[in-house]
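# Structure at a glance
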Amino acid sequence: MVFYNKSALDDIEQIFIGLLEWQTKDNQQLRMTYDEVWNYRDSLFHIGNTLDILPYHAKAQYEMHKQFGKYAYRYNKNQRTQWYFIYDRIGEDIFINKIINNYMTIL
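Rules of the game
- Residues numbered from 1 in each chain as written.
- Predicted model: local features only at pLDDT ≥ 70, side-chain atom pairs only at ≥ 80, totals over all residues.
- Heavy atoms only, no water.
- Helix = DSSP H or I, 4+ residues; strand = E, 2+ residues; numbered from the N terminus.
- Rg over C-alpha atoms; globule rule 2.2 N^0.38 Å.
- Buried < 20%, exposed > 50% of the residue type's maximum accessible area, 1.4 Å probe, protein only.
- Contact = heavy atoms within 4.5 Å.
- Areas by Shrake-Rupley, 256 points an atom, 1.4 Å probe, with all protein chains shown as cover.
- Core = buried A, V, L, I, M, F, W, Y, C linked by side-chain atoms within 4.5 Å.
- Phe/Tyr/Trp six-rings, centres within 6.5 Å; stacked < 30°, edge-to-face > 60°.

## Brief notes about the overall build of the protein
A count of helices and strands for the protein gives three helices and four strands. Listed N to C, the secondary structure of the protein is β-α-α-α-β-β-β in terms of helices and strands. Relative to the compact-globule value of 13 Å for 107 residues, the protein shows a C-alpha radius of gyration of 14 Å, a close match. When its C-alpha atoms are laid out on the principal axes, the protein stretches across 45 × 30 × 25 Å. Per-residue burial over the protein gives 36% buried out of 107 residues. When contacts within the protein are restricted to residue pairs at least 6 apart in sequence, long-range pairs at least 24 apart make up 45% of them. For the protein, the accessible area works out to roughly 7200 Å², and carbon and sulfur atoms hold 53% of it.

## Quick word on the nonpolar core
Ranked by internal contacts, the top residues of the largest apolar core, which has 21 residues, are Tyr4, Ile15, Leu44, Trp83, Phe85, Ile96 and Ile99. Counting residues per element, the ones that place at least two in this core are β1 (2-4), α1 (6-20), α2 (34-49), β2 (71-76), β3 (82-90) and β4 (93-101). Each residue touching Tyr4, except ones within four places of it in the same chain, is listed here: Leu9, Ile12, Leu44, Phe45, Gly48, Asn49, Ile96 and Ile99. Counting residues in hydrophobic clusters, the runner-up holds six residues, among them Ala60, Ala72, Tyr84 and Ile100.

## What to know about the packing of aromatic side chains
Scanning the entire structure with this criterion turns up eight aromatic pairs. When the centroid spacing of 6.1 Å and the interplanar angle of 25 degrees are considered together, the rings of Tyr34 and Trp38 count as stacked. Taken as a pair, Tyr34 and Trp38 lie in helix α2 at a separation of four residues, close to a single helical turn. Between Tyr40 and Trp83, the ring centres sit 6.4 Å apart and the planes meet at 80 degrees, which makes this aromatic pair edge-to-face. In this pair, Tyr40 is assigned in helix α2 and Trp83 in strand β3, connecting sequence segments 43 residues apart.

Shown next, in the form of C-alpha cells:
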C-alpha cells in the first residue's frame, strides 16, 4: 500500500497551483488549461500509487534526495521534466515523503 505524508501532499498541491499560475515568457511553452493541469496532477498520483508494485526499488542517489528518503523513483513526464518520488519502505508499504522535479534537485 502507498501512503503520502503531508509534505508530499503539499508538494502535489504546490505543483497544481504552480501549473495553474504558470506565466509563459520567451520559453515558448503553452499555458495549460485547468483540465490539463488536473490531468497532470492525476498522472503524478497514478505514478505514486503504483510504487508498491515496482519489481525493483532504486536507492536515492542525490544527497538532496537522501534527506527525504532511502529510495527514489524518477518519472519522466516529458523531454524536459522529470519528477522524483522520494520514499521509504516498511515491509511492502511505501511512504512517499517528497515529490520534486529535476529543476529543483540540487546535484
